[in-house]
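Each chain, written out:
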Number of protein chains: 2
Amino acid sequence: MTAEPFLADCRARLAFDLLSHTWNAVVLWALRDGPRRPVELRERIGGISSKVLTETLRRLEFNGLVDRHARPASPPRVDYGLTPLGRTLLAPIDAFGAWAFEHGDEVLAAQDATRPPASEEPRPHPGP
Amino acid sequence: MTAEPFLADCRARLAFDLLSHTWNAVVLWALRDGPRRPVELRERIGGISSKVLTETLRRLEFNGLVDRHARPASPPRVDYGLTPLGRTLLAPIDAFGAWAFEHGDEVLAAQDATRPPASEEPRPHPGP
DNA sequence: CAGTATCCCCTAAGATACTG
DNA sequence: CAGTATCTTAGGGGATACTG
């Protein structure tokens, strides 16, 4: 595809709203090769609090991208996995991942070139 | 590509931070077939205020994705265009656009299915 | 027309602590 | 371990009005 419709179409905005939450794409990506438990996700991702992870998962769940499977037990045992719909998002996300690796440095260079604004570094990242 | 590196790599977060601003991708997309003046962009996009558009353009400029060309005159005449770097982002963005058209309805359906949370409809969109 | 200046609001996201 | 409860803050984004 390469039409030019979606500025008019709200579904496009909808898609971008999905990405406009800092952690959504990251969490989806972290689920790319199979269901994971919250602890695992937090390890994998790094720098995300339990609370924010839960919120993110709920959000993804609400949008039909993620499934929650709880197996009653104590200590609790839960895992989250991608729905078929969620899986369809991996390719586009991957495209961005690839882009980041190819062009990330150029972005950083551009930022350095324009030091002053100082404000624009992406939100404070937790870990290195 | 389809590796699994970028959770560890900050450049990935960097890429997603680019998208985590509501209007960034939309504006980039609106520039996809050539430089445009702010007025034109606002028409094309719809629902974006002058202020927010400027902010967005500044942000994209700062990240090396957009170029500003001002031709002294009055009334002022300015246009913004994609840099080569910015152009490299079109493909990934396009992937999302395509996704939105293919799967947008499924997301909406999922949302309706889980009415209650009510909070998750993407941020209030201006026009339909 | 391009852009800035205000003012306001809302909420995402962080930190911390607690429960079943 | 999964998840919730609080509290706080920063800043994105909207509305409006104004200037060169």
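As shown above, the structure is provided for reference.
Parameters at a glance
Residues numbered from 1 in each chain as written. Chains lettered and ligands numbered in written order. Predicted model: local features only at pLDDT ≥ 70, side-chain atom pairs only at ≥ 80, totals over all residues. Heavy atoms only, no water. Helix = DSSP H or I, 4+ residues; strand = E, 2+ residues; numbered from the N terminus. Buried < 20%, exposed > 50% of the residue type's maximum accessible area, 1.4 Å probe, protein only. Contact = heavy atoms within 4.5 Å. Pairing = 2+ DSSP bridges. Phe/Tyr/Trp six-rings, centres within 6.5 Å; stacked < 30°, edge-to-face > 60°. Lys NZ or Arg CZ within 6 Å of the ring centre and 35° of its normal. Near = heavy atom within 4 Å. Nonpolar A, V, L, I, M, F, W, Y, C, P; charged D, E, K, R; others polar.

(A) Main features of the side chain of Asn24(A). Residue and element names in this part refer to chain A. Tracing the backbone through its elements, the reader meets Asn 24 in helix H2 (residues 24–30). Look at Asn 24 and you get buried, because its relative accessible area is 2%. Once residues lying within four places of it in the same chain are set aside, the contact partners of Asn 24 are Leu 18, Thr 56, Arg 59 and Leu 60.

(B) Broad picture of the pairing of strand S2 (residues 77–82) of chain B. All names here are of chain B. Where burial is concerned, most of S2 is hidden: five out of the six residues are buried. Sheet topology places strand S1 (residues 66–71) next to S2; six bridges connect them, and they run antiparallel. Looking at the pairing, Arg 71 lines up with Arg 77 of S2. With antiparallel pairing between neighbouring strands as the criterion, S1 and S2 make up a hairpin whose turn holds five residues.

(C) View of the packing of aromatic side chains. Scanning all chains against the criterion turns up two aromatic pairs over all chains. Judged by centre distance (6.4 Å) and plane angle (45 degrees), the ring pair of Phe16(A) and Phe96(B) falls under tilted. Separated into two different chains, Phe16(A) in helix H1 (residues 10–19) and Phe96(B) in helix H6 (residues 90–113) make up a pair that spans both. Comparing Phe16(A) with Phe96(B) shows no difference in burial state: the two are buried. For the pair Phe96(A) and Phe96(B), a centre-to-centre distance of 5.3 Å together with 40 degrees between the ring planes defines the contact as tilted. With Phe96(A) in helix H6 (residues 90–113) and Phe96(B) in helix H6, the pair connects residues from two separate chains. Residues Phe96(A) and Phe96(B) agree in their burial class; the two are buried. An aromatic cluster is defined as three or more aromatic residues linked by ring pairs; in this entry it consists of Phe16(A), Phe96(A) and Phe96(B). Here Arg32(B) stacks its cationic end above the ring of Trp29(B), 4.3 Å away from the centre of that ring.

(D) Fine view of the protein's contact with DNA strand C. Lining the immediate surroundings of DNA strand C are 18 residues, of which Thr22(A), Lys51(A), Val39(B), Arg68(B) and Tyr80(B) lie closest. Take the atoms of DNA strand C that sit within 4 Å of the protein: sugar and phosphate atoms are 67% of them. Elements represented by at least two residues in the surface near DNA strand C include exactly helix H4 (50–62) of chain A together with helix H3 (38–45), helix H4 (50–62) and S2 of chain B. Examining the composition of the surface near DNA strand C, we find that four residues originate from one element, H4(B), more than from any other. Residues of the surface near DNA strand C, tallied by class, amount to eight nonpolar, four polar and six charged.

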